[in-house]
Every structure is written in C-alpha cells, then in structure tokens.
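The chain contents come next:
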Amino acid sequence: MTKDSKVFVRSAGSERVVASAHKFVEGFNKAKGSEKGGATKLDLIISEEDRRKNPIAPQGCDAFDNDKTADKVTDQFRSTFTQPIVDRVNKKLPGANIKIGDIKSLMAMCPFDTVARTPDASKLSPFCHLFSHEEFRHYDYLETLGKFYGHGPGNSFGPAPGIGYVNELIARLTNSPVRDNTTVDHELDDNPKTFPLGLPLYADFSHDNSMTVIFTAMGLFNATKPLSPTEITDPADASGYSASWTIPFGARAYFEKMVCDHSPSAKQEYVRVLLNDRVIPLQGCHTDFLGRCKLDDFINGLTYARSNGNWDQCEVSPPK
C-alpha cells in the first residue's frame, strides 16, 4: 500500500460508531501526512433502522433474538458471586437498596468512568476501588458468558447474523460479486460506488455484539468447548475465547490478504486473521507458523457462510 492508496471506510449509523470512524480517518490521514483539516469524510454510513439489511450491524434472525440461553447461564453464574457484594455495598450505603441485578452495571462503571475521566485510562475511576481483583475476574467471566451464549458459539443461531459480513469479506478477498441471501443489502453491495472491489484497505466500524457474531460466523472459535456456568474457565483453556480478549474497548479485527513469492514463477495468496494484535489460529484450513492460511483453503473453510448457514430457520419477520 502506498501513500496515495485509497481506503474505503464504512460505518454503522449509531452516533458513537460514526464518531469512531471519523477519528480513524483523521488519524489515518495524519499518519499519511495528508491531513488537510476540516471535517473528515466517510465513504458510507449504513442506517441501523433496518438491521436485517446491515451486514456490519446485523440483526433480523428471530430465533437468535428469542434465544434465552445467555440469560439463564449468566443468571446462574451471577448468583455464585454477587450476594456478598450486594451485602457489602448496602451496608456501606444505607438506603441505596442495591440488588443482585444492579451489580453488573455498578461494576461496569469502573471502565466506563475511567475512560470518561481520562481517555488514555491512566487514572482509574473511584468506582474501581469498590471491588476486589477477584470480583472483577468474576465480572469479566460474566461478560464472557453473555457473549459466548448470546452472540457466540454457545448459541446455535449466534453465527446467523454474521453471515452477510463474511460473504462480503469473501467478495473483497476474491474481487468477486457478493453472494449472500441473509443480511446484505444488494442495492449497496451490487453498486461499485458503495461496495468497491480491488482496494488495498477497507475499514468497517460497528458494535461489539456485531463483531462477535461475525467472528462466530467465521468459525474463529469453533474449537472452544461450552463454557462452565458455575466456575471461571480461563481463556487459555477456552481456545483463547474471552470477552476481554475479543471485544475490549477499542476492539479491532484485521483480515489480512498477502502474496508471497515462493519462486520467480509461483506466487501464493494467503489470509491471516488478528484480533487486537493477536494472531488467531484458523479453523478449517491448514496454517503455517505465522498463522497464515492459503486463500483458497480459507475460502473453502467458510462453508457455513457460503451456504447461508441456518438463516432459513431464523423465521425472519416481514417489514412493518
């Protein structure tokens, strides 16, 4: 990629997501030395009003929306550690009437208030001192269970909303039309102005749950076994799956395509996936010591997305 290379930037329509995309463009231009000042421009903002046709912020699978497994599992694990916290907080704050269901939100104030106070997180919020390190380990795992059984491999329909994006990724990697019958809006993806091919860099901005269903549709954590609802499973024992490892603040996923010269007459295309700078061992294709998989093998391994997965079982509601 050269200094003059084109980058195509898309964003889901939520205000905070659009703001993140603008900050990326601002930093990208500054890094290239092409900062001109003024407002940054995004190539496409996809409204979230109809998320059945929004592959970067997808919804629209009724079976996925109606699944309550995550609620049951998180309630079960929450009951193992929150009561002592409730008792302690209510003792220290008479009249607060804190309940078990409030604890997750109260603990979440630690990271959110930290970022709000100091964008570089250099000074912890006072909320963080309300809880012990061990209690935060439980909070972290509670979030992990919610993502795993709500949007991840623990939900049989977890991958369904992510199918459209994976099929878009295939199109970009192979410079071919998008083939998808799930969340893709073909009015956008069949138009080279709103879905160009052949560019060296694409940047999409979305939500943590959307990223999770996309990772699931790609099969990145197919090796992760069901997580325990009663005791903490370490990420190392869960094939690297953890909410804090996959979708922390400022979560990033990179899908790299590279061409390697093996001989003057033979060039091989490879794909590598990184989550937050961590190389992910791909499922369904052979990877080398650098985590690279041959492009054709990678595409062939995405059988779930290429066949539209179990989207036909979603019972998608008609537009209102």
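If you're wondering where the values come from, they're calculated on a predicted model, not measured in any experiment. (Residues numbered from 1 in each chain as written. Predicted model: local features only at pLDDT ≥ 70, side-chain atom pairs only at ≥ 80, totals over all residues. Heavy atoms only, no water.)

### Brief notes about empty space enclosed by the protein
Item 1. Going through the model one piece at a time under the given rule, you end up with two cavities of 30 Å³ or more.
Item 2. Taken as a whole, the largest cavity spans an internal volume of roughly 50 Å³.
Item 3. What lines the largest cavity is simply M218, L282, Q283, C285, F298, G301 and L302.
Item 4. Counted as a void, the second largest cavity has a volume near 40 Å³.
Item 5. Lining of the second largest cavity is provided by P153, T212, F215, T216, F221, Y241, T246 and I247.
Item 6. Here the element with the most residues in the lining of the second largest cavity is helix α9 (residues 208-217); it accounts for three residues.
Item 7. Here the lining of the second largest cavity is composed, by residue class, of five nonpolar, three polar and no charged. (1 Å grid on protein atoms, 1.4 Å probe; cavity = no way out; pocket = protein on both sides within 12 Å on 5 of 7 lines; lining within 4 Å. Points joined across faces, edges and corners; volume = space filled by probe spheres on them. Helix = DSSP H or I, 4+ residues; strand = E, 2+ residues; numbered from the N terminus. Nonpolar A, V, L, I, M, F, W, Y, C, P; charged D, E, K, R; others polar.)

### Quick look at the nonpolar core
Where a protein is soluble and globular, its nonpolar side chains tend to be buried together.
Item 1. Of all hydrophobic cores here, the largest spans 74 residues; its most connected members are V9, M218, L220, L227 and F298.
Item 2. With near-sequence residues (within four places) excluded, L220 lies in contact with F215, V273, L275, I280, P281, L282 and Q283. (Core = buried A, V, L, I, M, F, W, Y, C linked by side-chain atoms within 4.5 Å. Buried < 20%, exposed > 50% of the residue type's maximum accessible area, 1.4 Å probe, protein only. Contact = heavy atoms within 4.5 Å.)

### Thoughts on the sheet that holds strand β2 (residues 44-46)
Item 1. Across the sheet, which stays open at both edges, the three strands sit in the order β2-β1-β3 with parallel pairing between neighbours. On the outer flanks of this sheet lie β2 and β3 (201-205), each paired with one strand and no other. Shown here is a sheet whose adjacent strand axes are inclined to one another by a mean of 15 degrees, direction ignored.
Item 2. Docked against the sheet, helix α1 (residues 15-32) engages β1 (7-12), β2 and β3, running at close to 160 degrees with respect to β1.
Item 3. Sitting on the sheet, helix α7 (residues 163-174) touches β1 and β3, and the angle it makes with β1 is about 175 degrees. (Pairing = 2+ DSSP bridges. Axes fitted to C-alpha atoms, helices over the stretch in contact; angles between N-to-C directions.)

### A look at the pattern of salt bridges
Two side chains bearing opposite charge may form a pair once their charged atoms approach each other closely.
Item 1. Within this structure, the stated rule accounts for 17 salt bridges.
Item 2. A salt bridge links R51 to E48, with the nearest nitrogen and oxygen atoms 3.6 Å apart. The two residues R51 and E48 agree in class, both being buried.
Item 3. A salt bridge links E135 to R88; the nearest nitrogen and oxygen atoms lie 2.9 Å apart. Highlighted residues: E135 in helix α6 (residues 133-150) and R88 in helix α4 (residues 82-92), separated in sequence by 47 residues.
Item 4. Of the residues examined, R88 reaches a relative accessible area of 31% and is grouped as partly exposed. (Salt bridge = Lys/Arg side-chain N within 4 Å of Asp/Glu carboxyl O.)

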